[in-house]
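For reference, the chains in residue letters:
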Amino acid sequence: MKIYRVNMTEGKVSEEEVKEEYAALGGRGLTSQIIADEVDPNCNPIGEKNKLVIAPGLLSGTMAPSSGRLSVGTKSPLTEGIKESNAGGTAAQKLGKLQIKAIIIEGQPEEGQFYVLKVNKDGLALEDVSDDLMGQGNYEVMESIQGQLGEDVCVMSIGQAGEYKLQAASIAVSDPEGHPTRHCGRGGTGAVMGAKGIKAIVIDDDGAPGPYMDNRDEFIEAARDFTQSLLNHPVCGEGLPAYGTAVLINILNESGGLPTKNFRKGRFEGADKISGEEVADIIKERSGKNTHGCHPGCVMQCSQVYNDKDGDYLTAGFEYETIWGFGANAEVDDIDAIAQMDRICDDIGVDTIEMAVTIGVAMEAGVIEFGDPEGAIDLLKEIGKGTPLGRIIGNGAGFTGKAFGTDRVPVVKNQGIPAYDPRAVKGQGVTYATSTMGADHTAGYAVTSNILDIGGTVDPLSKEGQVDLSRDLQVATASVDSTGLCVFAAFAILDNDKALPQVVDMLNAQYGLELELGDVFDLGKSILKTERDFNKRAGFTNADDRLPKFFEEEAVPPHNVKFDITGEELDEVYGELD
Amino acid sequence: MKVTVKLFATLKELMPEGQNQMTVEVEDEATVDDLALQLDIPEEKDLIVKVNGRHGSRNTVLEAGDRVGIFPPVGGG
């Protein structure tokens, strides 16, 4: 295994041995540790001193099911705190097969210089593309690179938003068809990649040695068992393959936790028209794909391919959060318009969640009206054009709220709050408030016990048990994010006592380790501690672990509940870790 | 008494074609389980139940006018 360092000031690549303390780390555990060790917490995120760390999960590249998740770490331009942004696509598996533990990109080239970073079995090389590829969206970039280097290479790229270094810019990762539908979306990682002068990273695993593997036979046995655990779970094995994540629209709507009209209501009258069931019917009718994997070897295959009215490809990976945000939160019930917005965001390279929250804020401020899909589409297109208005929108919800003078801005640590109302799904509220990442639904997905009856049941409307639930999930998630396993594997892990030991068996067989179950939780705690310490050094205090005031003051219908978990109670999440 | 019922995901096919909700006549003090039986939802099927937007189960006793949402196990995120 090796770590590559790419210095953009000097245009040089060097190879390093993996330090002993990094040996058992991967994914988020590794990116967060390297950022904490090497980056000044007070640096400018788009300046020379920030770094971008790319790491596959520990199991990525092996036959472990659903293990192709990638972590990108940096100091976030959006939150100004530490960031791990996690994506599917084919990058992590290829890096794992090349036995690359991490790529650290540092320094800064001269203004206006842009490069492609090529990664293959012979190492890494930079190619100047300042006269080529610039100004292009992710669809065009990926098509052009794959046209040159073959359809099997993975491309990670930035669109125009990353070139402009906007705070909501994402890094796109190509899916198995070579489309830019998977993203390190949250936190503006694309702005950092743009600041490093990298337009695209091309990963070619032709002739790769294959993943690091200590004991193949034991590994295969554990991987087979874990595959069964996923397939036997009703959500991982049936629900997700059939409907994808958009199936949540109806259940959140029924539960009164579907944020509507910039978080004014918990139910949307047009929910039926944008529901997962409706999307599945449309996809079937237009000969798209209802079951599609974001990376090969995923057994849950929650992605889908969505065609337009003429039956031509429009977008893929059409997620619940995207549909919620451009739909219910903007009071838009036109699913084809929402699909177009998803496509535009993927192409320009901006986070769909941040953009959805931003569109809600822009509607709040009267820039466009609620329920105006054409207006929303036009605003998103402005980002790609680099107009002043586009740059305001592309800098996210907090920035847009300030620019247009509205104080109803649903963000924590300046990151947009996703698709579960924190008043009606209180466990999520705890996670949004306290996560090291800013408002992030995956960081401690309390929707499981609050809404889905997975891993037990905790009443979403009551404050009882939410702090403990969120803390336990945040610890477990930090560990899962280090393995390369998809966060949805947690559904099976939460419901089946045999599943987590199977993951530990895979790690032990692959790396010749003797980990025990308890070590998994210790790893999660240690990652959170490292991240939280970085944020503290960057100037964050407990006062930053709070939701916007309106969630405490305004009751959300239909349950007419407020967020009533006190600051003191929120501080208990990390009380024992600090 | 009458309750309003919405079935979702794979259970949606048990709803009348083209309808997103239906009114169902049930016995007084009927449970969700009684309702499920009446709607031909398989007995062994795990269900997520929301009654008036709150957590419910097969054992929840229904009242007149309740809004009942029934889902097979679903998830996402």
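Here the residue index of a chain counts from 1 through its sequence in written order. All chains are assigned letters beginning at A, and all ligands numbers beginning at 1, according to the order in which they are written. Local features in a predicted model are, by the rule used here, given only for residues with pLDDT of at least 70; side-chain atom pairs are given and counted only at 80 or more, and totals for whole chains, interfaces and linings are based on all residues. Note that water and hydrogens are dropped before the side-chain values are worked out from all heavy atoms of the structure.

Draft legend 1. Broad picture of the interface of chain B and chain A. Pairs of residues are marked as contacts when any of their non-hydrogen atoms sit within 4.5 Å. The partner chain A presents 32 residues to the 21 residues of chain B that form the contact. What counts as buried area is the accessible surface, traced by a 1.4 Å probe, that two parts surrender upon association, with contributions from both included. Roughly 2200 Å² is buried in total at the junction of chain B and chain A, and carbon and sulfur atoms are behind 56% of that figure. Salt bridges are defined by distance alone: a side-chain nitrogen of Lys or Arg within 4 Å of a carboxyl oxygen of Asp or Glu. Where chain B meets chain A, there are 2 salt bridges. B:Lys6 serves as the salt-bridge partner of A:Glu254, at 4.0 Å between the closest nitrogen and oxygen. Distance and chemistry together define a polar contact, namely a pair of N or O atoms within 3.5 Å, with one atom able to donate a hydrogen and the other to accept it when in protein, and with adjacent residues in sequence counting only for side-chain atoms on both sides. For the pair chain B and chain A, the interface holds 9 residue pairs in polar contact (both at pLDDT 80 or more). Helix numbering and strand numbering both begin at the N terminus, where a helix is a DSSP run of H or I of at least 4 residues and a strand a DSSP run of E of at least 2. For the side of chain B that touches chain A, the secondary-structure elements that each account for two or more residues are β3 (48-51), β4 (54-56) and β5 (67-71) of chain B. When residues of the side of chain B that touches chain A are assigned to their parent elements, the largest contribution, 3 residues, is made by β5(B).

Draft legend 2. Quick look at the domain arrangement of chain A. Residues and elements named next belong to chain A. By convention here, the domain bounds are inherited from an automatic or database domain assignment. According to the domain assignment, chain A consists of domain 1 (2-203) and domain 2 (238-419). Computed over C-alpha atoms, the centres of domain 1 and domain 2 are 25 Å apart. With both chains or domains summed, domain 1 and domain 2 bury close to 2900 Å², and 48% of this area falls on carbon and sulfur atoms. Seen at the junction of domain 1 and domain 2, the total is 3 salt bridges. The partner of Asp351 in a salt bridge is Arg186, and the shortest N-O contact between them spans 3.0 Å. Joining domain 1 to domain 2, the criterion identifies 28 residue pairs in polar contact (both at pLDDT 80 or more). Where the side of domain 1 that touches domain 2 is concerned, the elements lending two or more residues are α3 (138-149), α4 (160-163) and β11 (182-184). With 3 residues, the single largest contributor to the side of domain 1 that touches domain 2 is α3.

Draft legend 3. Region of interest: the packing of aromatic side chains. Residue and element names in this part refer to chain A. Here a Phe, Tyr or Trp ring, Trp counted by its six-membered ring, pairs with any other such ring whose centre lies within 6.5 Å, and the pair is stacked when the planes are under 30 degrees apart, edge-to-face when over 60, and tilted otherwise. Under the criterion given, the structure shown has 11 aromatic pairs over all chains. Here the aromatic rings of Phe263 and Phe551 are separated by 5.7 Å at their centres, their planes lie at 85 degrees, and the arrangement is edge-to-face. Here Phe263 is found in the loop between α8 (248-254) and α9 (276-285), whereas its partner Phe551 is found in helix α22 (residues 550-553), with 288 residues between them in sequence. Note on accessibility: Phe263 and Phe551 belong to one class, buried. Between Tyr420 and Tyr445, the ring centres sit 5.6 Å apart and the planes meet at 80 degrees, which makes this aromatic pair edge-to-face. With Tyr420 in the loop between β17 (415-416) and α16 (426-434) and Tyr445 in the loop between α16 and α17 (447-452), this residue pair connects regions lying 25 residues apart in the sequence. We call a residue buried when its accessible area falls under 20% of the maximum for its residue type, exposed when it is over 50%, and partly exposed in between, using a 1.4 Å probe and counting protein chains only. Note on Tyr420: relative accessible area 0%, which makes it buried. By relative accessible area, which is 8% here, Tyr445 ends up buried. Counting every residue linked through ring pairs, the aromatic cluster contains Tyr320, Tyr420, Tyr445, Phe488 and Phe491.

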